[in-house]
Amino acid sequence: MGKQLTEMLKGTLEGIVLALLSGRPAYGYEITVWLRDQGFTDVAEGTIYALLVRIEQRGFVDVEKVPSEKGPPRKVYSLNAQGREYLEEFWRTWSFLAARLEQLREGGK
C-alpha cells in the first residue's frame, strides 16, 4: 500500500483530522498518536502540525492555549461551525466518490 496510501492520504487527511476534532478537542501530538493507533503509521508529526496551521488559517477550528506539564502551553484545536460545515461537505463528497468507486469495482454496473 505504501506510496498509493500516501498519495490518497494527501487528499483526505484534512477531512480525517476534522472528523477527529468533531468528536473532541485535541492538540497536535495527540492527533498524531490517534492516527498512528488507527494504522496511519507513516503520517509524520510535522505533516499534522502543517495541516493544523492550514485549517486554523481557513477558519475551521478554534484554538485555545492550555498549560502543559512539560514545556510551553499546548494549542488545543476544536472544530467550530465553519469547520463542521466543511466536514459535512467532505462527507458528502466522500460518499459520492466511494459509491462511484464501488460501482467501478463491481464492473461498472
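Everything that follows concerns the structure shown earlier in this document.
Residues numbered from 1 in each chain as written. Predicted model: local features only at pLDDT ≥ 70, side-chain atom pairs only at ≥ 80, totals over all residues. Heavy atoms only, no water.

Check the secondary structure of the protein and you find four helices and three strands. Listing the helices and strands of the protein from first to last along the sequence gives α-β-α-α-β-β-α. The dimensions of the protein, computed from C-alpha atoms along their principal axes, are 55 × 30 × 20 Å. Across the 109 residues of the protein, 28% fall into the buried class. Within the protein, contacts between residues separated by at least 24 positions form 47% of all contacts whose residues are at least 6 apart in sequence. Across the protein, 15 positive and 15 negative side-chain charges occur, with their mean positions spaced 3 Å apart. (Helix = DSSP H or I, 4+ residues; strand = E, 2+ residues; numbered from the N terminus. Buried < 20%, exposed > 50% of the residue type's maximum accessible area, 1.4 Å probe, protein only. Contact = heavy atoms within 4.5 Å. Lys, Arg positive; Asp, Glu negative; His and termini not counted. Charge placed at Lys NZ, Arg CZ, Asp CG, Glu CD.)

With antiparallel pairing, three strands are arranged side by side in an open sheet as β1-β3-β2. The open sheet has two free edges, formed respectively by β1 (26-27) and β2 (61-66), since each of these has just one partner strand. Pairing analysis gives two bridges linking β1 to strand β3 (residues 74-79), with the strands arranged antiparallel. Each residue of the ladder has a partner; that of Y27, found in β3, is V76. Where helix α1 (residues 2-23) meets the sheet, it contacts β1, β2 and β3, and its direction lies at approximately 90° from that of β3. (Pairing = 2+ DSSP bridges. Axes fitted to C-alpha atoms, helices over the stretch in contact; angles between N-to-C directions.)

Further remarks concern helix α3 (residues 45-57). Three or four residues apart is the spacing at which side chains of an α-helix point the same way, because the helix has 3.6 residues per turn. Its 13 residues place the ends of α3 19 Å apart at the C-alpha level, agreeing with the 18 Å of an ideal helix rising 1.5 Å per residue. Residues of α3 that are buried: I48, L51, L52 and I55. Taken around the axis of α3, the buried residues stretch over an arc of 105°, which confines them to a single face. Exposed residues lying more than 90 degrees from the buried face of α3 are G46 and Q57. Buried residues in α3 make contact with α1, α2 (28-37), β2 and β3. Taken from the residues just after α3, G59 is the one with a positive phi, measuring 80°. (Expected span 1.5 Å × (residues − 1). Arc of directions from axis to C-beta.)

This part is about the pattern of salt bridges. In this structure the tally under the stated criterion is six salt bridges. Note that E14 is salt-bridged to R58, the shortest N-O span being 2.9 Å. With E14 in helix α1 and R58 in the loop between α3 and β2, this residue pair connects regions lying 44 residues apart in the sequence. On the basis of relative accessibility, which here comes to 14%, the residue E14 falls in the buried class. Classification of R58 as partly exposed rests on a relative accessible area of 40%. For R24, the salt bridge goes to E30, with nearest N and O atoms at 2.9 Å. R24 sits in the partly exposed class, given a relative accessible area of 34%. Among the ionic contacts, a cluster of salt bridges with common partners joins K3, E7 and K10. (Salt bridge = Lys/Arg side-chain N within 4 Å of Asp/Glu carboxyl O.)

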